[in-house]
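A closer look at the structure
Listed below, chain by chain, are the residues.
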Amino acid sequence: MNKKIQSALISVFYKDGLENIVQELARLGVTIYSTGGTQNFIEKLGINVVPVENLTSYPSILGGRVKTLHPSVFGGILGKRDDATHLQEMKQYNIPEIDLVIVDLYPFEETVASTTDEKAIIEKIDIGGPSMIRGAAKNFRDVVVIAARKDYATLEAMLKKQQGETSLEQRRNFAAKAFETVAHYEVAIAKYFSSSDTGYFLESVPGPKIMRYGENPHQSAVFYGDLGQLFDQLNGKELSYNNIVDTDAALQLIREFTDTTFAIIKHTNVCGVAQRDTVKESWDAALAGDPESAFGGVLVCNGAIDKATAEAINEIFFEVLIAPAYEADALAVLKSKKNRILLQLKAQPQRKIQYKSMLNGVLVQDNDKGNYAEWTETVKRKETPAEKEDLLFANLVCKHLKSNAIALVKNKQLVGKGCGQTSRVDSLRQALDKARQFKFDLHGAVMASDAFFPFDDCVRLGHEAGITAFIQPGGSIRDNDSVEYCKTHDLSMIMTGMRHFKH
C-alpha cells in the first residue's frame with residue numbers, strides 16, 4: 001500500500017548529502033521536525049522547521065543526552081495508522097503522525113579508533129538514535145526510515161519520481177537496512193565492553209562485495225570488508241574468492257620476515273620462498289625452489305619491485321603480485337598483461353583472532369604468533385651459525401604449510417616441502433622428491449616439522465638425504481628415539497615447545 005510522506009523527523013550527525021533531501025521535502029510541503037545541529041542546518045537553508053522541543057515541551061537536557069526520548073516523538077513514529085485506538089490516543093495527546101525518520105548514529109567506532117579516552121567514547125554511545133530507528137523500522141507499514149547516508153541518494157530519487165509517495169516494499173527494504181545498521185552499531189559497542197569470555201560470537205563486518213563465484217563456479221560468495229584499507233590495486237581484474245584466500249596466506253607469511261624475502265603461494269601453501277640481499281636475487285631463489293608449482297600462483301615480497309625483477313617475473317604466468325612499492329619502469333613491464341593483479345600493500349591486517357564456521361557454530365582462536373617458545377638443544381652437537389639461521393627460517397616457513405608439514409631449507413631457500421599429508425613421513429618423502437626433482441643438494445640442509453616426530457623415521461630419512469640439523473616442537477612419548485639417532489650420527493636437533501598445526 002502506497003503512503004504519502006506528510007511529516008518528517010530529521011536528526012543526523014553527518015549533514016553530507018542532506019541538503020537536497022530537505023529541499024525536496026520542502027518542495028513537497030512536508031512538515032519537518034528537527035533538533036540541535038540538524039535544526040540549525042535546515043534553518044540556514046531557509047526552510048521552515050519545527051523544533052522537537054515544540055512537541056515535547058522539554059528542552060534538550062543533560063548535555064544533549066535527552067532530546068527525543070518522549071511519547072510525543074515515539075508516539076508519532078510508532079502509532080499505527082490503521083488502529084483506531086492508536087489514532088484516538090494520538091489525537092488525545094496531540095501527537096502528530098511522523099511518516100519519515102532520517103536519523104544516523106553517533107560515530108562510536110570512529111571514536112574508539114581515534115582515542116582511548118573512555119569518557120569521550122561513552123558519550124558516543126547513541127541512545128535516542130537507535131531507538132527512533134528501531135521504532136520507525138518496526139512501524140514500516142506506515143513509516144519510512146533512513147538510517148545511513150548511503151541511502152540518501154535512493155530516497156532523493158524516490159521523492160522526486162514518486163512525489164513523496166512510497167510503497168510497502170520500499171518501506172520494508174529501508175526497515176531491513178535500518179535494523180542492519182543498528183545491529184552493527186550495537187555489536188561494536190558490545191565488543192568494546194566485552195571480555196574474552198563473552199557469551200556470544202560478536203562480529204559485524206560491513207561492506208559486502210559480491211564475488212563472481214566462490215571456491216568453485218557453482219558456489220556463490222560474498223566478501224565483507226574493505227580491501228582498500230590494506231592495499232591499492234594498480235592493475236588487473238577483480239580479486240576472486242581464491243585470490244583473496246591466497247592473498248591472505250601470502251600476507252600472513254611475509255609479515256614473518258624483516259630481511260628481503262620473496263615468496264610464492266599456491267592454494268595457501270608456500271611453494272617457493274627465499275631470503276637474499278636483493279629483491280631480484282630473492283625472486284630467483286624462490287622460483288628455483290619449485291618453478292613448476294609457481295605457475296598461476298600468488299607472489300609476495302617485502303621490498304620494492306624494480307625493473308630487473310619485473311622482467312624476470314614477467315616470464316611466468318601468475319595471478320597476483322603483492323609488494324609495498326613498485327618502481328615506475330617495473331610497473332610498465334608488469335602492466336603488459338591487463339588481467340594481472342598488482343597490489344601495493346599499505347598495511348597488514350590487524351586481526352587478533354581467527355574464526356571459521358563449523359558444524360552448527362563458529363570456532364574462534366588466537367592467531368598463531370611466534371616462531372618458538374623455547375630453544376632447547378637436545379644433543380651435544382650444537383648447530384652452526386648458518387644452520388641456526390636456516391632452522392629459524394625453516395620453522396617459520398613450515399608454520400605456513402598445511403599439516404602434516406615438512407620444510408627443507410638450505411641457505412635461507414626452501415628447497416623441498418611436503419604438506420597436507422596424512423602421515424609425517426609421507427610429507428617428508430614428498431619434500432625429498434621435490435628437492436630431487438629440481439636437483440638440490442641436500443647435504444648441509446635443515447629440516448623443520450610443524451609437529452613432533454612420533455618415531456625416528458623422519459630423522460633417519462632426512463639424514464640419509466644429507467640433512468644435518470632438525471627443528472621440531474617435541475612432545476612425543478618417543479622423542480628420545482629421534483634424539484638418540486641425532487646423538488649417534490652427530491646431528492643437531494632443536495625442540496621449540498611450540499607446535500604449528502595448520503588445517
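Values in this document were obtained by computation on a predicted structure and should not be read as measured data.

A closer look at the overall build of the chain
A count of helices and strands for the chain gives 18 helices and 23 strands. A globule of 503 residues ought to have a C-alpha radius of gyration of about 23 Å, yet the chain, at 31 Å, is considerably larger. Summarising its shape, the C-alpha atoms of the chain cover approximately 95 × 50 × 40 Å along the three principal directions. A total of 503 residues make up the chain; the buried ones form 47% of that total.

As for the nonpolar core
General note: in soluble globular proteins, nonpolar side chains tend to be found buried as a group. Counting residues in each nonpolar core, the largest one holds 41 residues, and the members touching the most others are Val270, Ile322 and Val397. Those residues in contact with Val270, other than ones at most four positions away along the chain, are Leu253, Ile264, Ile265, Val397, His400, Leu401, Leu414 and Lys417. Val101, Phe108, Ile125 and Ile133 belong to the second largest nonpolar core, which has 28 residues in total.

Quick word on helix α1 (residues 18–27)
Residue pairs spaced three or four apart in an α-helix point in one direction, given the helix's 3.6 residues per turn. Along α1, the positions that sit buried rather than exposed are Leu18, Ile21, Val22, Glu24 and Leu25. In a view along the axis of α1, the buried residues occupy a sector of 160°, so they form one face of it. At its buried positions, α1 is contacted by β2 (7–11), β3 (31–34), α2 (36–44), β5 (100–103) and α9 (152–162). Once α1 finishes, Gly29 follows within two positions and takes phi at roughly 75°, a positive value.

What about the sheet that holds strand β6 (residues 144–146)?
Spatially, five strands are ordered β4-β3-β2-β5-β6 in an open sheet, and the strand pairing comes out parallel. What marks the edges here is a single partner per strand, and that holds for β4 (50–51) and β6. Here β5 runs beside β6; their pairing, made up of three bridges, is parallel. Its bridge partner being in β6, Ile102 is matched across the sheet by Ile146. Sitting on the sheet, helix α8 (residues 128–138) is in contact with β2, β5 and β6, with an inclination near 150° to β5.

Section: the pattern of salt bridges
Under the criterion given, the structure shown has 24 salt bridges. Residue Glu238 pairs with Lys209 through a salt bridge whose shortest N-O separation is 3.3 Å. Of this pair, Glu238 sits in the loop between β10 (231–235) and α11 (241–254) while Lys209 sits in strand β8 (residues 208–210); the two residues are 29 residues apart in sequence, bridging distant segments of the chain. For Lys237, the salt bridge goes to Glu319, with nearest N and O atoms at 3.8 Å. Taken together, the residues Lys237 in the loop between β10 and α11 and Glu319 in strand β14 (residues 318–323) connect sequence positions 82 residues apart.

As for a nonpolar patch on the surface
Side chains of Phe201, Val205, Ile210, Val222, Tyr224, Tyr355, Val362 and Val364 sit close together on the surface and give an oily, nonpolar patch of about 710 Å² of accessible area. Of all the secondary structure elements, the ones that give two or more residues to the nonpolar patch are β9 (222–224) and β17 (361–366). With respect to the secondary-structure elements, Ile210 resides in strand β8. Looking at Ile210, the relative accessible area reads 64%, which means it is exposed.

Structural notes on the confidence of the model for the chain
Of all residues in the chain, 100% have pLDDT values of 70 or greater, and the mean over the chain is 93. When pLDDT is averaged over each helix and strand of the chain, the minimum, 82, is found for helix α3 (residues 52–56) and the maximum, 98, for strand β15 (residues 341–345).

Structural notes on the sheet that holds β10
Within a sheet, neighbouring strands are paired by backbone hydrogen bonds and run either parallel or antiparallel to one another. Strands sit in the order β10-β15-β14-β13-β11-β12 across an open sheet of six strands; the sheet is mixed. Every interior strand has two partners, whereas the edge strands, β10 and β12 (269–275), have only one. The sheet shows a mean angle of 20° between the axes of neighbouring strands, taken without regard to direction. Pairing of strand β11 (residues 261–266) with strand β13 (residues 297–301), which is carried by four bridges, proceeds in the antiparallel orientation. By the bridge assignment, Ile265 is partnered in β13 with Val298. Packing against the sheet, helix α12 (residues 279–289) makes contact with β11, β12 and β13, and its axis sits at approximately 35° to β11.

Criteria and thresholds
- Residues numbered from 1 in each chain as written.
- Predicted model: local features only at pLDDT ≥ 70, side-chain atom pairs only at ≥ 80, totals over all residues.
- Heavy atoms only, no water.
- Helix = DSSP H or I, 4+ residues; strand = E, 2+ residues; numbered from the N terminus.
- Rg over C-alpha atoms; globule rule 2.2 N^0.38 Å.
- Buried < 20%, exposed > 50% of the residue type's maximum accessible area, 1.4 Å probe, protein only.
- Core = buried A, V, L, I, M, F, W, Y, C linked by side-chain atoms within 4.5 Å.
- Contact = heavy atoms within 4.5 Å.
- Arc of directions from axis to C-beta.
- Pairing = 2+ DSSP bridges.
- Axes fitted to C-alpha atoms, helices over the stretch in contact; angles between N-to-C directions.
- Salt bridge = Lys/Arg side-chain N within 4 Å of Asp/Glu carboxyl O.
- Patch = residues over 30% accessible without salt bridge, like charges linked within 9 Å, V, L, I, M, F, W, Y side chains within 5 Å.
- Areas by Shrake-Rupley, 256 points an atom, 1.4 Å probe, with all protein chains shown as cover.
- pLDDT = per-residue confidence, 0-100.

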